[in-house]
Amino acid sequence: MVANLKTDVSIVGGGPVGLLLAILLGKQGRDVVLVERYPEIYQRPRAVTMDAEVARILATLGIDVDSDPGFENHKELYYWKNAQLENLQIVDWESLAPSSWHVTYWFNQPDLEARLFAMAADYPSVRVLRGWEAVALVQDDSSTTLTGANGDTIEAQFLVGADGANSFVREALGLPVVDKGYFFDWLILDMIPEASYKTSPAQWQLCDPKRPTTIVPGGPGRRRWEFMVLPGEDADALASEESAWRLLEPWGLSPENAELERSAVYRFQARYADKWRAGRCLIAGDAAHLMPPFAGEGMCAGLRDATALAWRLGGLLDGYFSDQVLDSYESERKEHAKHYIQFSQDLGDIICIADEAKAAERDARMIADLEARGGAPITGDLVELGEGAWIKSPTAGELSPQGVVRFEGREDRFDQAVGHGWFILSLKGSADGLLTPAGGRMVASRRACALRGRV
Ligand SMILES: Cc1cc2nc3c(=O)[nH]c(=O)nc-3n(C[C@H](O)[C@H](O)[C@H](O)COP(=O)(O)OP(=O)(O)OC[C@H]3O[C@@H](n4cnc5c(N)ncnc54)[C@H](O)[C@@H]3O)c2cc1C
C-alpha cells in the first residue's frame, strides 16, 4: 500500500550531514522524515579525521571526543616529508584550537554514521526510512513533495538534499555545478593491525614522487594508508588484494599481523554547486561541495552546513524569520566551503607530484621555507564565513572562540556550561539597550541570558 506522509522537513540522504540535520531538528521537536536509499550503513572507507569545530558540534550532541572510545587524538605534530624523509612541513596538531578542542581527531565514518543514525531515530518527531530511494521531487509556493521508488510520497514544508556527490536533489532542482577540473585517483586502505603494531610519526604525508602516500590513524584500533595511483597505472590492478599487501609490505604489514578491512579507489575531485537553494528546497554536504580529502574537511564542511541550516529552518517554521534567511545560508556557507576546496587542492598540488624534477624543486623550496622559520610548526588560519544573516560589523562572521566558564554552578567549556542556542554576551552584566524592541522580544522568547565578565 502506498503511504503519503506529511512533515515539516524532509531530508534526502542518511550520510553524516543528513543525520546531523535530523538530530538538530529533532532536538527542536520538529517533525522530520529522513530517507536513505541503502538499508544498511554504508561501509566504504571515507572520512577518518575531523577538526576542532566539528568536535564542538558533536559536543552539543553529548559526544565528548576527548573521552569517547570512538575517537582518538594523538597529541602529536603532523609531518610532510620527502623521499629522503627530510621534513618539508610541520603542522601543529598538538595544541588546542580556539574552539577549545584539539586541532584534529580520528574516527571511523561508518561507526559515526551508525551512532548518528541511532540518535536521530531516537527522537520521537524524527522518522528515518532506510531502503527508501527518492526518485521525483516537485514543489510549489507552500510545500515540497518527494516520491520514492516504492511510490510513497512525502509532503514537507522544506526539503534538504544531503544526498552526496551525485545528488539526485541537486539534479532535480537543476542547480548548476562549478567543476574545478581536478582529478587524482588514490587507493584507500583501512587496516586493523595487531595491537602491538607501532609506527612513528603517527600522522604524516610521504611526498615521494615514486608513490605519494598518506599514513594516518583511522580511529581507535585502525590505521589508514592512502596511495596515489601513478599516471598510466591501472587503478583496478592496484586495488587488488595482492597489490594492496605488496604496497603495505614496506610498512611492516602482512596478513599475519593485520586485517585489510576495506579498500577502494577514489577519484578525488573539486567542485561546488553555484546555487544551494531553489524555493523551499536546499542542498547540503557533498551535494553542495566536493573536495579532495587532503585537508580532511569534506565531511566537516557538510556538518557545518547542517548546523547552519538547523537554526534557520527552526526560525522559519516558528515564523520568526522570512525566507531570506535561506539565501544567507548559501552566501555564508559557500565561501567557507570554497576556501576549503581550494586549500585541499593546494595541499594536493604539493603531494600529488609524480615527476622527480618537480619534486626536487618542491623539496628545495619547502625545506628553505621551513628553515627560514627555524623549523617551527605552522597553525591553521581561522576561516571566515561568507556574508551571513548577521548585522554587519568587523568581527561578525568570525568564529567565536570558547574557553572554560562558570555558569549557574557548572564550570566547563562555554557550550557545555551555558548550553546551545541564542545568548547575549555582555561585559556590562545587562543586555538592556543592546537590542531593538523586536530583537529583544525574539531573544526573550527563547532561552537567552546575559553573562557578565570574561569568558
Ligand atoms: C577517501 C576519502 C577520505 C575522506 N576523508 C575525510 C576526512 O578525513 N574528513 C572529512 O571531513 N571528510 C573526508 N571525506 C569526505 C566525507 O567522507 C564526505 O564529505 C561525507 O561523507 C559527506 O557526507 P554527506 O552526508 O554529505 O554525503 P554522503 O556521505 O555521500 O551521504 C549521502 C547519502 O545519501 C544517500 N542517497 C543518495 N541519493 C539518494 C536518493 N535518491 N534517495 C535516498 N538516499 C540517497 C546515499 O546513499 C548516502 O548514504 C573523505 C572522503 C573520501 C572519499
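Refer to the structure above for everything that follows.
Since this is a predicted model, take the numbers as computed values, not measurements. (Residues numbered from 1 in each chain as written. Predicted model: local features only at pLDDT ≥ 70, side-chain atom pairs only at ≥ 80, totals over all residues. Heavy atoms only, no water.)

**Description of unusual backbone geometry**
And then number 1: The residue after Ser 200, namely Pro 201, is reached through a cis peptide bond having omega 0 degrees.
And then number 2: We note that Lys 75 has phi near 45 degrees; this positive angle belongs to a residue other than glycine.
And then number 3: Despite not being glycine, Ser 100 has its phi angle at roughly 75 degrees, a positive value.
And then number 4: Note that Ser 100 resides in the loop between β5 (87-91) and β6 (104-106).
And then number 5: Taking relative accessible area as the criterion, Ser 100 reaches 11% and is therefore assigned buried. (Helix = DSSP H or I, 4+ residues; strand = E, 2+ residues; numbered from the N terminus. Buried < 20%, exposed > 50% of the residue type's maximum accessible area, 1.4 Å probe, protein only.)

**With respect to the nonpolar core**
And then number 1: Counting 70 residues, the largest nonpolar core has Ile 11, Met 50, Leu 58, Leu 146 and Leu 313 as the members making the most contacts within it.
And then number 2: The element contributing the most residues to this core is helix α7 (residues 298-318), with 9 residues.
And then number 3: Contact partners of Ile 11, with chain neighbours within four places excluded, come to Gly 18, Leu 21, Ala 22, Leu 25, Val 32, Val 33, Leu 34, Val 35, Val 160 and Ala 162.
And then number 4: Counting residues in each nonpolar core, the second largest holds 29 residues, with Trp 186, Leu 230, Phe 268 and Tyr 272 among its members. (Core = buried A, V, L, I, M, F, W, Y, C linked by side-chain atoms within 4.5 Å. Contact = heavy atoms within 4.5 Å.)

**A closer look at the packing of helix α2 (residues 52-59) against α7**
And then number 1: Their axes nearest at 10 Å, the elements α2 and α7 cross at an angle of 45 degrees. On the basis of their axis angle, the class for α2 and α7 is oblique. Crossing hand, α2 versus α7: left-handed. Where α2 approaches α7, its residues Glu 53, Val 54 and Ile 57 are matched on the opposing element by Cys 300, Leu 303, Arg 304 and Thr 307.
And then number 2: Across the contact of α2 with α7, the residue classes break down as 4 nonpolar, 1 polar and 2 charged. (Axes fitted to C-alpha atoms, helices over the stretch in contact; angles between N-to-C directions. Parallel < 35°, antiparallel > 145°, perpendicular 65-115°, else oblique. Left-handed = near helix turned anticlockwise from the far one by under 90°. Nonpolar A, V, L, I, M, F, W, Y, C, P; charged D, E, K, R; others polar.)

**Things to note about the environment of Ala 239**
And then number 1: Note on placement: Ala 239 falls in the loop between α5 (235-238) and α6 (241-248).
And then number 2: Along the primary structure Ala 239 and Ala 264 are separated by 25 residues, whereas in three dimensions their C-alpha atoms are 6.7 Å apart.

**Regarding α7**
And then number 1: Taking 1.5 Å as the rise per residue, α7 with 21 residues should run 30 Å; its terminal C-alpha atoms sit 31 Å apart, in good agreement.
And then number 2: Judged by how many residues are buried, α7 sits mostly within the fold: 17 of 21 residues are covered.
And then number 3: One or two residues past the end of α7 sits Gly 319, with phi positive at roughly 85 degrees. (Expected span 1.5 Å × (residues − 1).)

**A short note on α2**
And then number 1: The buried fraction of α2 amounts to 7 of the 8 residues, a majority that puts the element mostly inside the structure.
And then number 2: All buried positions along α2 are accounted for by Ala 52, Val 54, Ala 55, Arg 56, Ile 57, Leu 58 and Ala 59.
And then number 3: Check the buried side of α2 and you find it contacts α1 (16-27), β3 (49-51), β6, α3 (109-122), α7 and α10 (414-418).
And then number 4: N-capping of α2 is provided by Asp 51, with a side-chain oxygen placed 3.1 Å from the backbone N of Glu 53. (Polar contact = N/O pair within 3.5 Å; in protein donor to acceptor, adjacent residues only side chain to side chain.)

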